[in-house]
Amino acid sequence: MADKLVADKHLRYILNLMAEKKKESFESVVMDHLRMNGAYWGLTTLSLLDKLGSVSEDEVVSWVMTCQHESGGFAGNTGHDPHVLYTLSAVQILALFDKLNILDVEKVSNYIAGLQNEDGSFSGDIWGEVDTRFSYIAICCLSILKCLDKINVKKAVDYIVSCKNLDGGFGCSPGAESHAGQIFCCVGALAITGNLHRVDKDLLGWWLCERQDYESGGLNGRPEKLPDVCYSWWVLSSLIMIDRVHWIEKAKLVKFILDSQDMDNGGISDRPSYTVDIFHTYFGVAGLSLLEYPGVKTIDPAYALPVHVINRILFTK
Amino acid sequence: MKQGPCSEEDCFSLLKQFEHVLESDPLIDEVGFIHPSQFIMLDEEASSSNVYQNEVQPNNGTSRKFWNKDHKLGISTDILVQLCKYAKHVFLLALDEYKCHGNISCSPCTPESEVMKHSQAVLLLSSDFGTAWNARKLILSKKDQLSAFTEELRLSGLILSNSPKSESTWSHRRWIIKMISQRFSTPQEIITKESELVESIGERSKMNYRAWYHRCWLVSYMEIEQVIQELNKSKRWAGLHVADSSCFHYRRRLMLKILESLYVKGGNAYDKSEARKIWKEELDWNKELVERYVGREALWLHRRFLSLNWIMYFACNDSDVSPEPGESIIINEEIAIFIDNEIQLLESSMTVPDTKFEDFQAQALHAAVYMLWLTKKMPELWRMLEEKLGTEKVKCVMSTIALERPSLLHHLVNV
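Only a predicted model underlies this, so the values are computations on that prediction, with no experimental measurement involved. (Residues numbered from 1 in each chain as written. Chains lettered and ligands numbered in written order. Predicted model: local features only at pLDDT ≥ 70, side-chain atom pairs only at ≥ 80, totals over all residues. Heavy atoms only, no water.)

Colleague: Just checking my understanding: could you explain the overall build of chain B for this structure?
Modeller: Within chain B, the secondary structure is distributed over 17 helices and 3 strands. On C-alpha atoms alone, chain B measures out to a radius of gyration of 28 Å, which is more than a quarter above the 22 Å that the 2.2 N^0.38 rule sets for 415 residues. Over its C-alpha atoms, taken along the principal directions, chain B stretches across nearly 85 × 60 × 40 Å. Taking contacts inside chain B between residues at least 6 apart in sequence as the whole, the part at least 24 apart equals 69%. Counting only carbon and sulfur atoms, one obtains 53% of the accessible surface of chain B, whose full area is about 19600 Å². With 50 positive and 58 negative side-chain charges, chain B shows a spacing of 2 Å between the two charge centroids. (Helix = DSSP H or I, 4+ residues; strand = E, 2+ residues; numbered from the N terminus. Rg over C-alpha atoms; globule rule 2.2 N^0.38 Å. Contact = heavy atoms within 4.5 Å. Areas by Shrake-Rupley, 256 points an atom, 1.4 Å probe, with all protein chains shown as cover. Lys, Arg positive; Asp, Glu negative; His and termini not counted. Charge placed at Lys NZ, Arg CZ, Asp CG, Glu CD.)

As structure tokens, then:
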């Protein structure tokens, strides 16, 4: 039973993780291909807790740049292959530190724009896998870099809309099962491009609010699944973007997230238990931000970055 | 788990042992990580059947790290960290060599074969290491024998046995199938086997989104006959896994393909009366399941799809043109009878014999929400509901929903 956010403990948990250079556990070894994502999760959480200053900006930024590939895209770690998944995280990290100016914007944006297909969809890398997540990444990233005009936005939007299902939700590609994570990506992309009118908000709101578990207050990602803290972000941000967040019981959800904290060592788990990880720590804090929990800075539901960071980008040339 | 440092020699030896086992047993179909203490137990089982196959002997009396029998491979958990780190390191070096100097070599070990050998080892330990999968794609894209690609299907299948949720592995399989269909033809058999693979993985890894997405992806490669075969073949499994919503979504994917095929131009359209039969059968079967497995959300969700499409495509006045979305549905006699039956189903589902059992309460909620959802899609339904049930019963339905899902009543105008 928890009644508050133990921010200091989470701070220590994140800083310890980021300092862990030698990688002694199997879990961290098999995750080192997505270190860029992990860095984004950790750093954004710090920023939301107003503690970004606790890390060495120079160290992080120079490491991020070592992950850039000659194609302009970023890899998950130094010497690995580039992919849009890590490219977005890299750009988001630089945005957090207000260091977007060190990027060769032309290079990065060309890498992303080059991955748009004839039908408007996006591939994740040169090997061609298509997924609406990559559509969101392309749109979000190019929007931050102010290069949305490099892609065919209309076709991109039409492709996303073609992934809408009868239940109002969205999947990875046309006909795929609705999934809260995919829905966040589709709705986020439509929000950024000013196309939310293409969403049936009542129908989607219906699907999203059915994710809440009456007992625990937690949210799941699709029917018949257990509630999981990470869906506090994906379901909630989607609901906010379509103005239906009042359709879920916020207080219950807050309680679910707080109960999923490790009160002794910091970090947040997928549900009340003690197996915490950086992924759920970020989504838990981000979820609390969307729920306007005191002491947590406001996060933008579409860009998944603190609002003050987005404002800085929007109001600069 | 935490592990101590390993000398370069030890790591080299471990990797060599690992790669030797893989090479000497090309038919390995299952791999897993096992605790060292379990090796003893596995050895005892093996000796009792008195057959040793491909026994891996340690070099200098140290404890065994790999176990291989009956084409199963076990890797000791106490070497995972060192082995994985070292294999990644060696793989990246080999990849660099291959990219810089091409495939020229004066030794029997070409850079290409080194990359393939080391990437295989790495991926068995760390299946989501995309760079390793990409290296294999790079090499494979220069091959022109079908066998190279089918061998890749075998390897990725092996990796899925231990990591059924690995996105990179599923993605790699799609790339292979795309390559096969581009360069050779797409034998229906490959698609069938893929579908069966997903089902077998689905058995151990419930509602695995990646696996079921893969199965849905295969549908675009299927002709209508195969679609119907799949619908029939997968029915039994679905009936045994009524909580697996992904499995029922797969059926919806197949049925959507049948619907699409009704409107194909040029005389190749699928026979509507056949499709109608299939749809009716699914509706009847779903009703049986809903009544037998009380309170199962996945079943009621499936019914939403079945009923709405039945009304829009089959019960409507016959038309060769697909209905426009948003078009108002005229309630003809057939639709009226259908809705009547659904209302009856709602009534019987709302009879909660024993409030102590959550399943009955869940059943009432799911049934109520099902009906409300249909009225959202078909506002004309409201009048029928009120006529058939009467105001009191309708209020009862609404209050059932209000208990757990009050927000669903927000947007209703006529309540």
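The discussion continues.
Colleague: How should the overall build of chain A be read in this particular structure?
Modeller: Secondary structure assignment for chain A yields 14 helices and 0 strands. The globule rule puts the C-alpha radius of gyration for 317 residues at 20 Å, and the 19 Å found for chain A is close to it. Summarising its shape, the C-alpha atoms of chain A cover approximately 50 × 45 × 40 Å along the three principal directions. Each of the 317 residues in chain A was classed as buried or not, and the buried ones make up 64%. Residue pairs in contact within chain A that sit at least 24 positions apart in sequence constitute 68% of those at least 6 positions apart. As presented, chain A carries roughly 11700 Å² of accessible surface, and 54% of it is formed by carbon and sulfur atoms. Charged side chains of chain A number 29 positive and 40 negative; the gap between the two group centres comes to 4 Å. (Buried < 20%, exposed > 50% of the residue type's maximum accessible area, 1.4 Å probe, protein only.)

Colleague: For this particular structure, what's the right way to read the interface of chain B and chain A?
Modeller: How big an interface is tends to be expressed through the accessible area that disappears when the partners come together. Each partner contributes residues to the interface: chain B has 55 residues there, and chain A has 43 residues. Carbon and sulfur atoms supply 54% of the area buried between chain B and chain A, which totals about 4500 Å² over both sides. Looking at the side of chain B facing chain A, the largest losses of area belong to B:Y209, B:Y213 and B:R405, adding up to 14% of the total buried there. There are 6 salt bridges connecting chain B and chain A. (Buried area = accessible area lost by both parts, 1.4 Å probe. Salt bridge = Lys/Arg side-chain N within 4 Å of Asp/Glu carboxyl O.)

Colleague: Looking at this structure, I do not really get the sheet that holds strand β3 (residues 72–76) of chain B. What am I missing?
Modeller: Sheets are built from strands paired through backbone hydrogen bonds, the pairs being either parallel or antiparallel. Residues and elements named next belong to chain B. In spatial order, the strands read β1-β3-β2; together these 3 strands make up an open sheet with mixed pairing. In this open sheet, the two edge strands, each paired with only one partner strand, are β1 (30–34) and β2 (66–69). The average undirected angle you get between the axes of adjacent strands in this sheet is 15 degrees. Relative to β3, β1 runs parallel, the two being bridged by 5 bridges. Across the sheet, the residue bridging to F33 is I75, located in β3. (Pairing = 2+ DSSP bridges. Axes fitted to C-alpha atoms, helices over the stretch in contact; angles between N-to-C directions.)

Colleague: Honestly, the pattern of salt bridges in this entry has me stumped. Any pointers?
Modeller: A side chain with one charge can pair with a side chain of the opposite charge if their charged atoms come near. Tallying each qualifying case throughout the model produces 43 salt bridges over all chains. Among the salt bridges present, the one from B:D29 reaches B:K72, with a minimum N-O distance of 2.9 Å. Separated by 43 residues along the polypeptide, B:D29 in the loop between α1 (8–24) and β1 and B:K72 in strand β3 bring together distant segments of the chain. With its nearest N and O atoms 3.7 Å apart, the salt bridge here joins B:R210 to B:E167. A residue pair is termed long-range when its members are at least 10 positions apart, and B:R210 in helix α9 (residues 209–218) and B:E167 in helix α7 (residues 167–183) qualify at 43 residues. On the basis of relative accessible area, B:E167 is assigned to the partly exposed category, the value being 24%. Taken together, the shared-partner salt bridges in this structure form one network comprising A:D131, A:R133, B:E167 and B:R210.

Colleague: Looking at this structure, how should I read the nonpolar core?
Modeller: As a rule of thumb, nonpolar side chains are buried together in soluble globular proteins. Counting 204 residues, the largest nonpolar core has A:L43, A:Y136 and A:F170 as its most contacted members. Beyond its immediate stretch of four places on either side in the chain, A:L43 contacts A:M18, A:L52, A:V55, A:V60, A:I93, A:L96 and A:F97. Counting 41 residues, the second largest nonpolar core, distinct from the first, contains A:F26, B:F18, B:V90 and B:A135. (Core = buried A, V, L, I, M, F, W, Y, C linked by side-chain atoms within 4.5 Å.)

Colleague: Before we go on, may I ask you to explain a negative patch on the surface in this structure?
Modeller: A surface patch of like charges, here negative, comprises A:E215, B:E358, B:D359 and B:E404. In this fold, B:D359 is placed in helix α16 (residues 358–377). (Patch = residues over 30% accessible without salt bridge, like charges linked within 9 Å, V, L, I, M, F, W, Y side chains within 5 Å.)

Colleague: How do you make sense of the pairing of β3(B) when you look at a structure like this?
Modeller: Along a regular strand, successive side chains alternate from one face of the sheet to the other. Residues and elements named next belong to chain B. Across the 5 residues of β3, 4 count as buried, placing the element largely inside the fold. For β2 and β3, the ladder comprises 4 bridges, and the chain directions are antiparallel. Bridging from a neighbouring strand, F66 pairs with I75 of β3.

Colleague: Is there a simple way to explain the packing of helix α15 (residues 333–349) of chain B against helix α17 (residues 381–404) of chain B in this structure?
Modeller: In a packed pair of helices, the relevant descriptors are the angle between the two axes and the axis-to-axis distance. Residue and element names in this part refer to chain B. At a closest axis distance of 10 Å, the pairing of α15 and α17 adopts a crossing angle of 10 degrees. In terms of orientation, α15 and α17 fall into the roughly parallel class. Across from A336, I339, D340, I343, Q344, L346 and E347 in α15, the residues of α17 making contact are L381, M384, L385, K388, L389, K393 and V397. Taken together, the residues of the contact of α15 with α17 break down into 9 nonpolar, 1 polar and 4 charged. (Parallel < 35°, antiparallel > 145°, perpendicular 65-115°, else oblique. Nonpolar A, V, L, I, M, F, W, Y, C, P; charged D, E, K, R; others polar.)

Colleague: For this particular structure, what's the right way to read unusual backbone geometry?
Modeller: As a rule of thumb, non-glycine residues mostly have phi less than zero, and peptide bonds are mostly trans rather than cis. Look at A:D98: it is not a glycine, yet its phi comes out positive at around 55 degrees. Structurally, the position occupied by A:D98 is in the loop between α5 (84–96) and α6 (105–113). Overall, the relative accessible area of 46% leaves A:D98 in the partly exposed class. The residue B:D70 is not glycine, and still its phi comes out positive at about 50 degrees. For B:D70, the location among the structural elements is in the loop between β2 and β3.

Colleague: What should I look at first to understand the packing of aromatic side chains in this one?
Modeller: The geometry of an aromatic ring pair comes down to the distance between the two centres and the angle between the two planes. Residues and elements named next belong to chain A. Taken as a whole, this structure holds 25 aromatic pairs over all chains when the rule is applied. On the numbers, 5.7 Å between centres and 65 degrees between planes, the contact of F184 with W233 is edge-to-face. Taken together, the residues F184 in helix α9 (residues 180–192) and W233 in helix α11 (residues 230–241) connect sequence positions 49 residues apart. Put simply, the rings of Y40, W41, Y231, W234, F279, Y282 and F283 pair up and form one aromatic cluster. (Phe/Tyr/Trp six-rings, centres within 6.5 Å; stacked < 30°, edge-to-face > 60°.)

Colleague: Sorry if this is basic, but what is going on with α5(A) here?
Modeller: Count 3.6 residues to each turn of an α-helix, and residues three or four apart come out pointing the same way. Its 13 residues place the ends of α5(A) 18 Å apart at the C-alpha level, agreeing with the 18 Å of an ideal helix rising 1.5 Å per residue. The buried count for α5(A) comes to 12 of 13 residues, which makes it a mostly enclosed element. (Expected span 1.5 Å × (residues − 1).)

Shape is all these values report; function is a separate question.
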